[in-house]
Amino acid sequence: MTGRSKSVLLHVALLALLLLAHFIVSPFHQGNLSRIMVLAVYAMGYNVLFGYTGLLSLGHALFFAAGMYGMGLGMKLLGLPPAAAIGLGIVCAASLSAVVGALALRTSGVAFMIVTLMLAQAGFLTILYFGTYTRGDEGFVLQQASRTIAGFDLTDPAIRYGAAFALLALCVLAMLRLVNSSFGRVLIAIRENEERARMLGYDVFRHKLFAVIISGTISGLSGAVYGLLFGYVGATFAAVQYSILPLLWVLLGGAGTIIGPFVGTLFMFYLIDFSSEITSAYMVIAGVVLVLLTLFAPQGLVGEIRRRYLPWLP
């Protein structure tokens, strides 16, 4: 069996396990997994830029929020049905990522990080400034009756889980296709040695720009679906912490791996959940565990497994 066949089989097995979990776990953990799967898609979008292209962004909350607010305001102000509102959120995120990419990619290294951070903060302040429509820090709730697609009530926990699973499965399969394509190989080449990739004749700027757009669009899709499934749109999701979280999830799970973002999101979510049951200073426990993981598993959980046991893992 080839490495690619093994990889496909492993990822399909993970998806099958998540599908099986829907019928086994308690309603509490079912709700947690629904949230984790949607946020893992956000981390996977971030991973396209950071893990596979080598660009460290500190402003990805801008794209997540663009998808969320595009969807939410489309339903609230324009009266769009949920499916069309998600489409609007995707268009908003893709358009914004194209503009941000065209501007930020004129810089590199630390300057790229700062530019993406400043643009994200500008987006956050814009949401607060237009509080008449966005409700600012307070945010707004989507009416339960409006959150249905093709007759499926997305407020039902079982259907919500199914929708989150479908989104994750679609993203995992798309990432498998992307990573194994010639475009994905060029992104990895740029990450490893940008100058050599340029010398080989590849248009580095164009590939990096498309990477930003793909990354931002996936993040925006996650934001739109998150807002619809959980019925809330708020400025918190555009704040700097939501730019840092996907970076942590990717680093914990393993940058440059397909399932790493999901594993990192799952691990950090339950680490904080379990720590908060022990003490009110739960972030101390979480911080110690994260430091230990950084010291003893510097490539992340999945990254270390790939390094030691499964070198064919994409």
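J.: Is there a simple way to think about helix α5 (residues 110–129) in this case?
T.: Since the α-helix advances by 3.6 residues per turn, residues separated by three or four positions end up pointing in the same direction. A rise of 1.5 Å per residue sets the reference length of α5, with its 20 residues, at 28 Å; its end C-alpha atoms lie 28 Å apart and thus fit the reference within 8%. Taken residue by residue, α5 has Phe112, Thr116, Ala120, Gly123, Phe124 and Ile127 as its buried positions. One side of α5 holds all its buried residues, which, seen down the axis, span an arc of 110°. Opposite its buried face, α5 presents the exposed residues Val110, Met118, Leu125 and Tyr129, each directed more than 90 degrees away. In this structure, the buried residues of α5 make contact with α2 (27–50), α3 (61–76), α4 (82–104) and α6 (131–134).

J.: Please explain helix α10 (residues 204–230) as it appears in this structure.
T.: For α10, with 27 residues, the first-to-last C-alpha span of 39 Å sits near the 39 Å given by 1.5 Å per residue. Of all the 27 residues making up α10, 19 are buried; the element is thus mostly covered by neighbouring parts of the structure. The first or second residue beyond α10 is Gly231, which carries a positive phi of 70°.

J.: Explain the packing of aromatic side chains to me, please; I cannot follow it from the model alone.
T.: The description of two aromatic rings rests on the distance between their centres and on the angle between their planes. Using the criterion set out here, one finds 14 aromatic pairs in the structure. Residues Phe64 and Phe237 carry aromatic rings whose centres are separated by 6.1 Å and whose planes lie at 50° to one another, so their mutual orientation is tilted. Placement of the pair is Phe64 in helix α3 and Phe237 in the loop between β4 (232–233) and α11 (241–253), with a sequence separation of 173 residues. A ring pair is formed by Tyr270 and Phe274, whose centres lie 5.6 Å apart and whose planes are at 35°; its orientation type is tilted. Of this pair, Tyr270 and Phe274 both sit in helix α12 (residues 260–278), four residues apart, which is roughly one turn of the helix. Here Tyr270 falls in the buried class, since its relative accessible area comes to 13%. Relative accessible area serves as the criterion here: at 44%, Phe274 is assigned to the partly exposed category. Sitting above the plane of the Phe230 ring, Arg35 keeps its charged end 4.1 Å from the centroid.

J.: Which parts of the structure should I look at to understand the environment of Thr217?
T.: Relative to the elements of secondary structure, Thr217 occurs in helix α10. Once the C-alpha coordinates of Thr217 and Glu195 are considered, the two residues, 22 residues apart in sequence, prove to be 27 Å apart. Residues in contact with Thr217, not counting those within four places in the same chain, are Ile90, Ala93, Ala94 and Ser97.

Criteria and thresholds
Every residue gets a number counted from 1 within its own chain, in the order that chain's sequence is written. Only residues with pLDDT of 70 or above have their local features reported here, since the model is predicted, and side-chain atom pairs are shown and tallied only from 80 upward, although totals for entire chains, interfaces and linings are computed over all residues. By convention in this description, side-chain values take in all heavy atoms of the structure and omit both hydrogens and water. Secondary structure elements are defined from DSSP: runs of H or I of at least 4 residues count as helices, runs of E of at least 2 residues count as strands, and each element is numbered from the N terminus. Multiplying 1.5 Å by the residue count of a helix minus one yields the expected span of that helix. Only protein chains enter the area calculation, which uses a 1.4 Å probe; residues under 20% of their type maximum are buried, those over 50% are exposed, and those in between are partly exposed. Here the arc refers to the directions that run from the helix axis out to each C-beta atom. Contact between two residues is taken to exist if any of their heavy atoms lie within 4.5 Å; hydrogens are not considered. By convention, a stacked pair of Phe, Tyr or Trp rings (six-membered ring in the case of Trp) has centres within 6.5 Å and planes under 30 degrees apart, an edge-to-face pair has planes over 60 apart, and any other such pair is tilted. Working rule: Lys NZ or Arg CZ, within 6 Å of ring centre, within 35 degrees of ring normal, means a charge sits over the ring.

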